[in-house]
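Coordinate analysis (summary)
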Amino acid sequence: MMKTKRYYFAYLILFILLVVFLAINICVGTVSIPLSDVWKMVRGMEVPAMSKDIVFQIRFPRTLAAVILGGALALSGYLLQTFFHNPIASPFTLGVSNGAKVVVALVMILFLQKGYAGSSVVMILAAFVGALASMGFVLLMARVIDQMSMLIVGGVMIGYICSAITDFVVTFADDSNIVNLHNWSKGSFSGITWENVRIMAIVVFVSVFFIFLLSKPISAYQMGEAYAKNMGINVKTFRISLILLSSVLAACVTAFAGPVSFVGIAVPHLVKSLFKTSKPILMIPGCFLGGASFCLLCDLLARTLFAPTELSISTVTAVFGAPVVIYIMIRRRKGENL
C-alpha cells in the first residue's frame with residue numbers, strides 16, 4: 001500500500017513539473033506573454049496577432065519538441081542501461097548520438113549544396129543509419145572487452161571521432177545555412193516546425209508502444225540472461241529489439257535537435273531514485289515524463305539565461321547531468337569497496 005502511494009506521488013510530482021515547465025516555456029522569452037493570453041488563444045478568443053504567432057509558430061512547437069525528444073532520449077538511455085547492465089550507458093556515452101550526428105550532417109550538407117531541403121523522414125533515416133553503425137562498433141568492442149568501464153571509454157572515443165568529423169565537415173561546408181547547421185551540431189530545439197513535431201511524435205510514440213510491449217521481458221532480463229531464458233524469452237531477439245528501439249529514439253532526437261548530452265544517463269537514475277524501484281512498467285512512463293520535464297527546464301535556461309544569446313541545449317544538460325553521473329560513479333565505487 002505504501003509503495004503504491006509512493007508511485008502515485010512520484011507520478012504526480014513528474015506531471016506537475018511537466019505542466020509547470022511547459023507553461024513557463026510558452027510564456028517566458030524575449031517577449032513575455034501572459035498566461036491569460038495563452039489561455040485566450042487556446043479558447044479561440046482575440047489576442048494580439050504578434051503574440052499568437054510567437055506562441056503557435058515558435059514556442060509551442062519548440063516546447064512540444066522538448067517534451068517528445070526529451071522523453072525519447074531518457075527512454076533510449078534506460079534501454080541501453082538495461083542492455084549493458086550499467087547505469088552510465090547512454091546514447092551519448094556510447095557514441096550513438098554522435099554516430100547519428102555525423103551521418104545527418106553529411107546528408108544535410110549534401111542537400112544544402114544541391115539547393116534542396118532534406119525531409120524529416122530522410123534525416124531520421126540518416127540518423128538511424130549512423131546510430132546503428134556506432135552501436136555496431138560498440139557491440140564489436142563488447143566481444144573483446146570484458147570490463148564495462150573500458151567499453152564506455154571506447155564508446156566515448158567513438159563519439160569524439162564522430163564529433164571531430166562532423167565539426168570538420170561543418171566548418172568547410174560552403175552554404176549560407178552553415179550557421180544553422182553549426183547550431184544544430186551543438187544541440188538545439190530551435191527552428192522546430194509543426195511538420196517536425198508531427199513526424200517525431202509518430203516515430204517516438206510508436207517506439208514507446210513497442211517498449212511497453214517489452215516491459216515483462218525487460219523485467220526478466222534485469223534478473224539476468226539465465227533467468228530470462230528460463231522464463232522462455234528469446235534473449236537474442238530481445239537484445240536486438242532493445243538495440244533497434246534505443247537507436248530509433250536516439251536517431252529521432254539527433255535528427256531534429258542534434259546531440260543532447262547526459263539526459264539519457266541522468267534522468268533514468270533520478271526517476272529510479274524517485275520511485276525506489278526499477279520495474280519497467282513504472283520506469284518507462286516515469287522516464288518519459290522525467291526526460292520531458294528535464295529538457296523543458298534546460299531549454300528554458302538555454303533560451304533565457306543570456307538572452308538574446310542562446311546556449312546550446314547540451315551545455316545546460318551537461319551542467320545538471322554531469323554531477324549525477326559523478327555521483328553514480330562514486331556510489332558504485334563505494335559499493336565495490338564494501
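Keep in mind the model is a prediction, meaning the values are calculated, not measured.

Quick look at helix α11 (residues 235-257)
- Between its first and last C-alpha, α11 extends 33 Å over 23 residues, near the 33 Å set by a 1.5 Å rise per residue.
- Just past α11, the residue Gly-258 takes up positive phi, approximately 80°.

Some thoughts on the nonpolar core
- If you look at the biggest cluster of nonpolar residues, it comprises 95 residues, and the most contacted ones within it are Phe-84 and Phe-256.
- The element best represented in this core is helix α3 (residues 49-84), accounting for 14 residues.
- Excluding residues that lie within four positions of it along the chain, Phe-256 makes contacts with Leu-69, Ser-120, Ile-124, Trp-184, Ser-188, Ile-192, Asn-196, Ile-199 and Met-200.
- Ranked by size, the runner-up nonpolar core spans eight residues in total, among them Ile-26, Cys-27, Met-41 and Ile-54.

Focus: the packing of aromatic side chains
- Using the criterion set out here, one finds nine aromatic pairs in the structure.
- Centroid distance Tyr-7 to Phe-275: 6.3 Å. Interplanar angle 35°. Geometry classified as tilted. Note that Tyr-7 is positioned in helix α1 (residues 2-27) and Phe-275 in helix α12 (residues 263-275), a separation of 268 residues in sequence. Side by side, Tyr-7 and Phe-275 carry an identical accessibility label, which is buried.

Each value, and the rule that gives it
Residues numbered from 1 in each chain as written. Predicted model: local features only at pLDDT ≥ 70, side-chain atom pairs only at ≥ 80, totals over all residues. Heavy atoms only, no water. Helix = DSSP H or I, 4+ residues; strand = E, 2+ residues; numbered from the N terminus. Expected span 1.5 Å × (residues − 1). Core = buried A, V, L, I, M, F, W, Y, C linked by side-chain atoms within 4.5 Å. Buried < 20%, exposed > 50% of the residue type's maximum accessible area, 1.4 Å probe, protein only. Contact = heavy atoms within 4.5 Å. Phe/Tyr/Trp six-rings, centres within 6.5 Å; stacked < 30°, edge-to-face > 60°.

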